[in-house]
Structures are given as structure tokens and as C-alpha cells.
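# Structural overview
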Amino acid sequence: MATTLICDEQRRVVPPMTGRQRFLAAARMRPVDTTPVWFMRQAGRSLPEYRALREQHDFMTVATTPELAAEATLMPVKRLGVDAAVLFADIMLPLACLGIPFEIRQGIGPVIPDPIRSRADVERLGFAPAAGATPYVLEALRQLKTELGERAALLGFAGAPFTLACYLIEGKPAREFPRAKALMYGEPETWHALMEALTRVTIDYLREQVAAGADAVQLFDSWLGLLDPETYETMALPYTRRIFAAAAPLAPTIHFSTGTVALLEKIAGSGCAAVSVDWRQPLDVAWARLGPSVGIQGNLDPALALAPWPAVERGARDVLRRAKGRAGHIFNLGHGILPQTDPETLAGVVRVVHGEA
Ligand code: CP3
């Protein structure tokens, strides 16, 4: 425990770091010169330059053209000064490895025209290596690696099998994903077969991302909050564990979910290096539950970033106060930036976190 505690006094003796060094040190629970920060959905509609890019190209064109994906990825690094650049892509892209067609509809999200509803549907799935099925993702990472240098860590990511399965079975975004959960409870064999296929693809996809230059990877399990602890343990956690066991020797790993206050201790045991937590619990309380051997990412409420600046600043300082300068904190929001957020507010948060304001 003592090794993970560094007080603010000790911090000052850490020599200045580059954004990349700062992020990677925190992800490895080592001392940092100042807290690293990035924002989920930082390359998105809150940025006028992203909206301008999207006026010229649709979402999938940007995501599957390495030059455009790299351009979108770099936008928040240039404008906000964040310490990590998250690849512009989507959790749906590796479905190409399984041969599942999908669309990303604006204002709605992922849509699967032929959802998975039976064992036969799962058995029809293919398995194409990521290098052949999603070459644009890997090429974008290679280009970014060169362009970013030490400025910011390059973050790869994938959707977790549970969250991907929710979309694949439901066919579209839903509040409670009732069809997906009904299949999980009613046809566990079909569920496990689908989770196996998704796990296999995700491991290959993340490995290839690290080989192409990703410094760290985040696993997005956005809908995990739909599960109780026991169901999580049997229906989702074994697959998450396998993914982290495969990825952890290659690069630092971050587990993302929201609404999972009931699952935190179990998530801490998934084998990730850091756990992203949302705002539903204070950061210090969440970290005490996660234990001293994992880092923590978070946890400002994205909706707070829409409030007048004094309230945002108070919120950001409260998160820092609760982290107490302990090694292993990566500042972020608890979930993605809301599209109506003023980028100036986000730049202000970066300055506060970096101790420049
Ligand atoms: O800065 C970044 O985070 C960019 C990379 C990124 C995107 N999607 C780009 C994107 C990442 C990391 C994601 C992950 C993602 N995609 C998740 C997990 C994170 C979370 O929010 O929980 C999920 C659930 C998806 C599925 C998805 N794709 C949704 C729900 C949407 C939003 C639909 C909408 O229009 O509101 C998308 C589309 C999408 N993916 C956008 C972006 C920037 C908006 C697209 C646009 O330009 O029209």
C-alpha cells in the first residue's frame, strides 16, 4: 500500500514529463509530475473542427479512412492539451471480423440489420483476423504513432463482449436491452457461444492495435450496469478476464463501465490495470473499494461540464482532492463528453488538472 501513496510534496520532485510519459506512468501506478487527463468522446461533436469534418464525410468514412481518422484523433490533442489521444473509431468496427453488417445512425447509434437471435446465427459467424478485416484501424494507429511522438499517449480500444452482444442481439440501442438479456437468461449456451466468438475477435483486435502502436488499451463495457453481481460473474466477467489476461502483458489496460457501483470489487479482479468509474460514487470511496493494486480513471459528471465555470472548477478540484495525488489516477469524465459542451470548458479543466490554473 505504501508504494502507491505519494503525497503532493513528493510529486514536486518528479521531473517534468511529456504527456505520454505522464499517462503511462499513471497507468502503471508510478509517480507523475502532475495528474494526466483525457476525455472520453474528446474527438467528437463538441469540437467545431470535428463538425466541419463531418459535414464533408459521413461517420464511417472518417472511421475507415486512416488519414481522416488520424486527423479527428489529433483534434482534441491540439485544442485541449490532453495527455492521451484516443483513436477515432467505434466499438462496432471489429464486427467486420465476424462478418456482421452494421450501420452507425446519427443521433441513434449502432444498428444491426440482421440481429443475432439463435444458435444458428452464432454458428454462422466468421473469424477474420483484424489485420485483414480492419486494416484501416491499424494504419490509423501507425500514422498517429509517428505524428504524436511524446506529446500524448496513443490509446486503442475495443467494446467488451457483453456490450457488443447487447447491440448484436437487440439490433439497436435500447434502454434496458430486454431482448439481449432474455437470450442471455433463456439460452445460456447460445449466449456463451456468442461471447466466445466476441472474445476471440477482441483479443486479436487489441493485440494488433498494440502491435500497430497503441500505448494502452481501454475496454468499453458501457452497458454492464444492467447486470447484478452474480450474473456478471458468470455471464460477462470470465470473458473480460480472458481479454485482460491476453492484453495485460502487452500494454496497460483500462476497464470502462458506468452505473456499476454494485460490481466494483468484481471489476477490480478482472485483471485490468485501471478501472474507469463514473460520478455515482465519490472517487475516494470507489478507489477504497477497488483496492490499492489497481489505478482509477474518472470521474467528473459530463453534465457538470455544461454548468457555469465556477461549478465545473469546483467539481474538478473535488475529484483531485479525493485522489490525493496518489499514483494511479487518470483524470477523465465518468462517461463521454456531451455534444453541447463548450471546448473552452474542457481546456479549462485540463489546466486545472495540470496545476496551471
Ligand atoms: O473521442 C472518442 O472517444 C472517439 C472515439 C469513439 C467513438 N465511439 C466515436 C464516435 C469511441 C471510443 C467510441 C466508443 C463507443 N461507441 C461506445 C463506448 C463508449 C460509450 O459512450 O459508452 C459506444 C457505446 C459506441 C456506440 C456508438 N457509436 C454510439 C452510442 C454512438 C452515438 C450516436 C450518436 O450520434 O449520438 C456512436 C457514433 C459515434 N462514435 C460518434 C462518435 C464521435 C458520434 C458520431 C457522429 O459524428 O455522428
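For the structure itself, look to the data block above.
As a starting point, this report considers the structure included with it. Because the structure is predicted, anything quoted here is derived from the model rather than measured.

Strands sit in the order S1-S4-S5-S6-S7-S8-S9 across an open sheet of seven strands; the sheet is parallel. Edge positions in the open sheet fall to strand S1 (84–86) and strand S9 (329–333), since each of these has one partner strand only. Taking the axes of each pair of neighbouring strands and ignoring which way they run, one obtains an average angle of 25° across the sheet. Pairing analysis gives four bridges linking strand S5 (residues 216–220) to strand S6 (residues 253–256), with the strands arranged parallel.

Our next topic: the packing of aromatic side chains. The geometry of two aromatic rings is summed up by the distance between their centres and the angle between their planes. According to the stated counting rule, one finds seven aromatic pairs in the structure shown. Taking 5.5 Å as the distance between ring centres and 85° as the angle between the ring planes, the aromatic pair formed by Tyr167 and Phe177 counts as edge-to-face. One end of the pair, Tyr167, is in helix H10 (residues 161–170); the other, Phe177, is in the loop between H10 and helix H11 (178–186), and 10 residues separate them in sequence. Among the aromatic residues, those joined into a ring-pair cluster are Tyr50, Phe59 and Phe88. Sitting over the face of the ring of Trp287, Arg326 holds its NZ or CZ atom 3.9 Å from the ring centroid.

Moving on, we get to the environment of Ile203. With respect to the helices and strands, the residue Ile203 is situated in helix H12 (residues 188–211). Residue classification places Ile203 among the buried residues on the basis of a relative accessible area of 16%. Between the C-alpha atoms of Ile203 and Gly186, which are 17 residues apart in sequence, the distance is 27 Å. Ignoring sequence-local partners within four residues, the contact set of Ile203 consists of Arg242, Ile243 and Ala246.

Next up on the list: helix H9 (residues 135–148). End to end, H9 covers 20 Å across 14 residues, agreeing with the expected 20 Å (1.5 Å per residue, within 8%). Immediately downstream of H9, the backbone of Gly149 shows phi near 55°, a positive value.

Taken together, 25 residues sit near the ligand, with Tyr50, Arg54, Asp90, Gly107 and Ser222 positioned nearest. At 2.8 Å from an oxygen atom of the ligand is found a main-chain nitrogen or oxygen belonging to Ala43. Contact distances for the ligand include 2.5 Å between an oxygen atom and a side-chain N or O atom of Ser222. In the complex, the protein chains occlude 91% of the 850 Å² of accessible area that the ligand would expose alone. Counting only elements with at least two residues in the shell around the ligand, the list comes to helix H3 (48–56) and strand S3 (109–111). When its residues are assigned to classes, the shell around the ligand shows 15 nonpolar, six polar and four charged.

Counting residues in hydrophobic clusters, the biggest one holds 134 residues, and the most contacted among them are Phe23 and Phe39. The element that contributes the greatest number of residues to this core is H12, accounting for 11 residues. Not counting the four nearest positions on each side in its chain, Phe39 is found in contact with Leu80, Val82, Asn332, Leu333, Ile337, Leu346, Val349 and Val350.

Each value, and the rule that gives it
- Residues numbered from 1 in each chain as written.
- Predicted model: local features only at pLDDT ≥ 70, side-chain atom pairs only at ≥ 80, totals over all residues.
- Heavy atoms only, no water.
- Pairing = 2+ DSSP bridges.
- Helix = DSSP H or I, 4+ residues; strand = E, 2+ residues; numbered from the N terminus.
- Axes fitted to C-alpha atoms, helices over the stretch in contact; angles between N-to-C directions.
- Phe/Tyr/Trp six-rings, centres within 6.5 Å; stacked < 30°, edge-to-face > 60°.
- Lys NZ or Arg CZ within 6 Å of the ring centre and 35° of its normal.
- Buried < 20%, exposed > 50% of the residue type's maximum accessible area, 1.4 Å probe, protein only.
- Contact = heavy atoms within 4.5 Å.
- Expected span 1.5 Å × (residues − 1).
- Near = heavy atom within 4 Å.
- Polar contact = N/O pair within 3.5 Å; in protein donor to acceptor, adjacent residues only side chain to side chain.
- Areas by Shrake-Rupley, 256 points an atom, 1.4 Å probe, with all protein chains shown as cover.
- Nonpolar A, V, L, I, M, F, W, Y, C, P; charged D, E, K, R; others polar.
- Core = buried A, V, L, I, M, F, W, Y, C linked by side-chain atoms within 4.5 Å.

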